[in-house]
Amino acid sequence: MTEFFHDCTTNERKREIEELLNNFAQQIGAWRFCLYFLSSTRNDYVMMYSLTVFENLINKMWLGVPSQDKMEIRSCLPKLLLAHHKTLPYFIRNKLCKVIVDIGRQDWPMFYHDFFTNILQLIQSPATTPLGLIMLKTTSEELACPREDLSVARKEELRKLLLDQVQTVLGLLTGILETVWDKHSVTAATPPPSPTSGESGDLLSNLLQSPSSAKLLSQPIPILDAESEHVCSLALECLAHLFSWIPLSASITPSLLTTIFHFARFGCDTRARKMASVNGSSQNCVLGQERGRLGVLAMSCINELMSKNCVPMEFEEYLLRMFQQTFYLLQKITKDNNAHTVKSRLEELDESYIEKFTDFLRLFVSVHLRRIESYSQFPVVEFLTLLFKYTFHQPTHEGYFSCLDIWTLFLDYLTSKIKSRLGDTEAVLNRYEDALVLLLTEVLSRIQFRYNQAQLEELDDETLDDDQQTEWQRYLRQSLEVVAKVMELLPTHAFSTLFPVLQDNLEVYLGLQQFIVTSGSGHRLNITAENDCRRLHCSLRDLSSLLQAVGRLAEYFIGDVFAARFSDALVVVESEMLPDTSPAAFVGGHLFYQASLLPTVPWSQVLVKVTLYGSQIRLYNIETAVPSVLKPDLIDVHAQSLAALQAYAHWLAQYCGEAHRQNTQQFVTLISTAMDAVTPLISTKVQDKLLLSACHLLVSLATTVRPVFLISIPAVQKVFNRITDASAQRLVDKAQVLVCRALSNILLLPWPNLPENEQQWPVRSLNHASLISALCRDYRSLKPDTVDPQRKMPLDDTKVIIHQTLSVLEDIVENISGESTKSRQICYQSLQESVQVSLALFPAFIHQSDVTDEMLSFFLTLFRGLRVQMGVPFTEQIIQTFLNMFTREQLAESILHEGSTGCRVVEKFLKILQVVVQEPGQVFKPFLPSIIALCMEQVYPIIAERPSPDVKAELFELLFRTLHHNWRYFFKSTVLASVQRGLAEEQMENEPQFSAIMQAFGQSFLQPDIHLFKQNLFYLETLNTKQKLYHKKIFRTTMLFQFVNVLLQVLVHKSHDLLQEEIGIAIYNMASVDFDGFFAAFLPEFLTSCDGVDANQKNVLGRNFKMDRDLPSFTQNVHRLVNDLRYYRLCNDSLPPGTVKL
């Protein structure tokens, strides 16, 4: 063993040794040697190996061990444990305990009747209490939810046996904990003065029913010796595991709960840590940590109980008592003494303890608040006060995030409570109003650099996490979610809290203009003093965050509250708020015009002015004293103001509707000003972040707001000219696509509130055609021979043109696909020539998979959005071209040799065919035979045996859609059949193709890919629900039980265990078509064909499968059959050769 683990041993030699050891372990009687090794050696490796031999013997070969040997093992191993448990290394001792428990799992109570009584005796004898507790915890882990294969009957028996012992065990554990506490409390009768004594304030008498329990909990915490500490931590670990599976019942007594809470106080006792650090010895330091650990373990026990949602009536009172006691602890943690603040006290506590405590609070709010809130003696508002202190004094960001989650749960609870019972909305809000306003103010202050620069600068704003956001973005987003939820409940308060803060920072931003000086190289910001730069940095960062908040709240100003909320807002804001800067920056000095008819929007007007201001004085190009800090800040504020205005697009759309009726000039000014702010930013000289924000805003104005006059605004015409000008420099891809989408939508989307005859379609149609013509100028000049070796233009340039043009066209089509017929018609007319060019180019690029990929993406989007407009003849031409191009050789080349791009090409081709087979009516039906042939004869053979999942999901989706949308291609339904339901069978057509498709589905269930398995099982179930697939004669007579057999085998092999439930339901749905056949023919046949089990075992399996016909019982029987079949095979494999089975 030492040689095996030695650094110098070669892998070759290690394999030899491993083989020797494995062979030794398989020999009958090897355990005797191992028993000798265990009692005679002190080498850890040898002991561990010997125990592994025992473990293998007990779990895999026990059935074949002679009973005399079993008795010997059952007697020797516990004796060994008792003799050496104090000297063995802890991991060897724990392994030995597990081996003994494994024997109990097989033999207790029939052959090992004193297994559990021995454990109880160990616990009761002071010298062996720790050992007994380790045995008890291992028993709970291994027997309550056994991991190894046991028969279902045995699993149920073990659970019942353990439940019978629960009361005794809990009594013993309570006794141990109480004894230790009482024994040490006596010696601590005269405590030193400390913050813990005399803590019974007003809140306490509210929280705790009786003064006696308050008194009990405010006793000083005893100082435990190391041995007692160890015993208590083992007892608490046992309790935590027991609570994870035993039901809530009277066995969990009030005295046990109180005792657990006594120990939970160890976690919030900073005195022990202080003493440990004062006395300085490492021994004391360890003691301090151990005491903290007791608190963590006690909280784990409490959380196990808390996480159970199903609470019996008689246990509710216990729960209330638990909450009261935990809130006593919460008050203790957050009590603000002069000596040190709450935050430093939280910093002194064990991090795991804080985590457990936060978990408790989360469980309380998410699972039990609705239950407890109605108790008059439970003061929810006082609880919120404590939670507030706890949240805003968290020492770590993660802790703060977790607490914000709890507030989010609480706000969701309030919102749903109000929505479900409209009557007492007022009462609910009045009760919690103060708490919510306080929460809002504090969360807003937490995101501001003005108050928390040091902490906020620590947050990482560069590295992206799994959700594609940085640590700072996550912090801000979570905070703004809380703000938004409070806004939903208390709009006026939220508004009046947020606006003044925004106003302060806006004044700073809008006042920057006076500090701009012109220098030789351009404009410079004349703010250089370090302190001024720091304050400006904080103000800009805060303005950026607050603009995000303004954007996040947009949804609370639209819909039914459109008119009402703005009068609210105006009351709060009182029309005038920003300093009047230059006339260029503002249209009139006042920000709000109190129009006689419409409540105006403070937000959007502020936002429009702010965006225009930023664009006009070009803050994004200004030189600053600290360019690495201030320049990104200025760009970010400008980008956020555009994004916030974009968030109000739906509000503007609603305003547009109102303005249309009242013909207000104010709305026109608002949109024109917004466009004046956007246009200068659509340029290659502007940073991407700002450029993209401007493009997104333009898209929203064009798509969501759709004002009639948009196209006539000079600023918009400027953008048109820029995009269609061949000599202008092209924007980055993403921006180019967005701007083209916006311009296309301005021309294609119907104007709201106008009848069809006023939509000016002829003019718009001409404009759209010339726009597309300009965008595709270079593309249309490409010829199929461009890919020829003697071409004039290099291939890479051709590829760039194709990529740039198709990405724009695809986006335009995708965005129009859900719109009115007229819009799609105009779109296709403009695109027609480019589509034909694409089809002509396609064959020339068939071997360039990157180009083919883009072309097929474009065609897929066309088929999804404009197939009606393309017309039948041209659509047929496209499909035929594709079917001709994708020969077997081409498919094989794409899938097997071109890697992921080649597979993507084939997948897109199959997606196009999915659209074709779903088309209703008879138009594309003639293609069905060739599509099915392509799938089954060309694609399927190439991918069937490949382990890689590429192409398979798309192929099976195509087969499913073919069946689902073309059922009558296979099953001709006659009028007579539907009249005489059940008498006449439907006529079957194209049977070979149907059988081949079903065969492919069956084959897919034998492959390891779990995603494909899940998808295909869902497809079969859908076909059964919609088309009664399992009831069809061909399926019932030739395929049904083959499928059931395959699914049962999958369960037995445990290859797709995550889908157990879905497989069980599918088996039920298939069997329910012919229950009699299933029970009388299939089940006996299935058992007969099972290898590895004898005739008697097969009979038992058959008998245990009850003839239940309801879903829950049937699936339970299926899982029992599978479990027991595996168990019998395991037993039979473990019998020594030549065993006679009776």
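On a predicted model such as this, the values are computed, not experimentally measured, just so you know.

Draft legend 1. Here's a closer look at the environment of glutamate 314. Of note, glutamate 314 is situated in the loop between helix H15 (282-306) and helix H16 (316-334). Taking the relative accessible area as the measure of exposure, glutamate 314 reaches 53% and is therefore exposed. Through-space distance from the C-alpha of glutamate 314 to that of serine 249 is 7.8 Å; in sequence the pair is 65 residues apart.

Draft legend 2. Structural detail: empty space enclosed by the protein. Counted according to the given criterion, the structure contains nine cavities of 30 Å³ or more. Volume-wise, the largest cavity comes out at about 70 Å³. Lining of the largest cavity is provided by Ala702, Arg706, Pro707, Val708, Leu710, Ile711, Asn745, Ile746, Leu749, Trp751 and Arg764. Of the residues in the lining of the largest cavity, the class split is eight nonpolar, one polar and two charged.

Draft legend 3. Representation of the packing of aromatic side chains in the model. Scanning all chains against the criterion turns up 67 aromatic pairs. Members of the aromatic cluster, joined through ring pairs, are Phe1041, Tyr1068, Phe1075, Phe1078, Phe1079, Phe1082, Phe1086, Phe1105 and Phe1114. Directly above the ring of tryptophan 472 sits arginine 541, whose terminal nitrogen or CZ lies 5.1 Å from the centroid.

Draft legend 4. Representation of helix H32 (residues 714-724) within the structure. Listed in full, the buried residues belonging to H32 are Ala715, Val716, Val719, Phe720, Arg722 and Ile723. Seen end-on, H32 carries its buried residues on one side only, within an arc spanning 165°. Residues of H32 that are exposed and point over 90 degrees away from its buried face: Pro714, Lys718 and Asn721. Those residues of H32 hidden inside the fold are in contact with helix H30 (665-678), helix H31 (688-705), helix H33 (733-748) and helix H34 (761-775).

Draft legend 5. Structural detail: the packing of helix H38 (residues 849-870) against helix H39 (residues 872-885). Packing of H38 against H39 brings their axes to within 10 Å, and their N-to-C directions diverge by 155°. When the axis of H38 is compared with that of H39, the two are roughly antiparallel. At the point where H38 passes H39, the crossing takes the left-handed sense. Residues Leu856, Phe859, Phe863, Arg867 and Met870 of H38 form the contact with H39, whose own contacting residues are Val872, Phe874, Thr875, Ile878, Ile879 and Phe882. Within the contact of H38 with H39, the residues separate by chemical class into nine nonpolar, one polar and one charged.

Draft legend 6. Examining the environment of threonine 887 more closely. Counting through the fold element by element, threonine 887 comes out in the loop between H39 and helix H40 (888-897). Its relative accessible area of 30% is what places threonine 887 among the partly exposed residues.

Draft legend 7. Representation of the pattern of salt bridges. As enumerated under the stated definition, the model contains 39 salt bridges in all. Among the ionic pairs, lysine 419 bridges to glutamate 488, the shortest N-O distance being 3.5 Å. Of this pair, lysine 419 sits in helix H20 (residues 397-420) while glutamate 488 sits in helix H23 (residues 471-489), and the two are 69 residues apart along the sequence. Of the residues examined, lysine 419 reaches a relative accessible area of 57% and is grouped as exposed. On the basis of relative accessibility, which here comes to 31%, the residue glutamate 488 falls in the partly exposed class. Here aspartate 532 and arginine 535 are joined by a salt bridge, their closest N and O atoms 3.9 Å apart. A residue pair is termed a helical-turn pair when its members lie 3 or 4 positions apart in one helix, as aspartate 532 and arginine 535 do in helix H25 (residues 530-552) at three residues. Three or more residues joined by partner-sharing salt bridges are found here, namely Glu55, Lys95, Lys98, Asp102, Arg105 and Glu142.

Draft legend 8. Broad picture of the confidence of the model for the chain. Residues at a pLDDT of 70 or more form 88% of the chain, whose mean pLDDT is 84. Model confidence for the chain, summarised as mean pLDDT per element, is weakest for helix H10 (residues 202-207) at 44 and strongest for H33 at 95. Counted against residues more than four places away or in other chains, residues 188-212, with its pLDDT under 50, gives 35 contacts.

Draft legend 9. Local environment of unusual backbone geometry. Residue proline 109 follows tryptophan 108 across a cis peptide bond; omega there is 0°. Turning to its location among the elements, proline 109 is positioned in the loop between helix H6 (90-107) and helix H7 (115-124). In the Ramachandran plot, glutamine 760 falls in the positive-phi region, its phi being about 55° despite a non-glycine side chain. With respect to the element layout, glutamine 760 can be found in the loop between H33 and H34. The exposure class assigned to glutamine 760 is partly exposed, which follows from its relative accessible area of 46%. Notably, valine 951 is not glycine yet its phi reads approximately 70°, a positive angle. As for its placement among the helices and strands, valine 951 is situated in the loop between helix H42 (928-943) and helix H43 (952-965). Here valine 951 falls in the buried class, since its relative accessible area comes to 1%.

Draft legend 10. Looking closely at the packing of helix H13 (residues 254-264) against H16. Packing of H13 against H16 brings their axes to within 10 Å, and their N-to-C directions diverge by 15°. As the angle between them shows, H13 and H16 are arranged roughly parallel. Here H13 runs over H16; the crossing is right-handed. Where H13 abuts H16, its residues Pro254, Leu257, Thr258, Phe261 and Ala264 lie against Tyr318, Arg321, Met322, Gln325, Thr326 and Leu329. Taken together, the residues that form the contact of H13 with H16 break down as seven nonpolar, three polar and one charged.

Rules and cut-offs
Residues numbered from 1 in each chain as written. Predicted model: local features only at pLDDT ≥ 70, side-chain atom pairs only at ≥ 80, totals over all residues. Heavy atoms only, no water. Helix = DSSP H or I, 4+ residues; strand = E, 2+ residues; numbered from the N terminus. Buried < 20%, exposed > 50% of the residue type's maximum accessible area, 1.4 Å probe, protein only. 1 Å grid on protein atoms, 1.4 Å probe; cavity = no way out; pocket = protein on both sides within 12 Å on 5 of 7 lines; lining within 4 Å. Points joined across faces, edges and corners; volume = space filled by probe spheres on them. Nonpolar A, V, L, I, M, F, W, Y, C, P; charged D, E, K, R; others polar. Phe/Tyr/Trp six-rings, centres within 6.5 Å; stacked < 30°, edge-to-face > 60°. Lys NZ or Arg CZ within 6 Å of the ring centre and 35° of its normal. Arc of directions from axis to C-beta. Contact = heavy atoms within 4.5 Å. Axes fitted to C-alpha atoms, helices over the stretch in contact; angles between N-to-C directions. Parallel < 35°, antiparallel > 145°, perpendicular 65-115°, else oblique. Left-handed = near helix turned anticlockwise from the far one by under 90°. Salt bridge = Lys/Arg side-chain N within 4 Å of Asp/Glu carboxyl O. pLDDT = per-residue confidence, 0-100.

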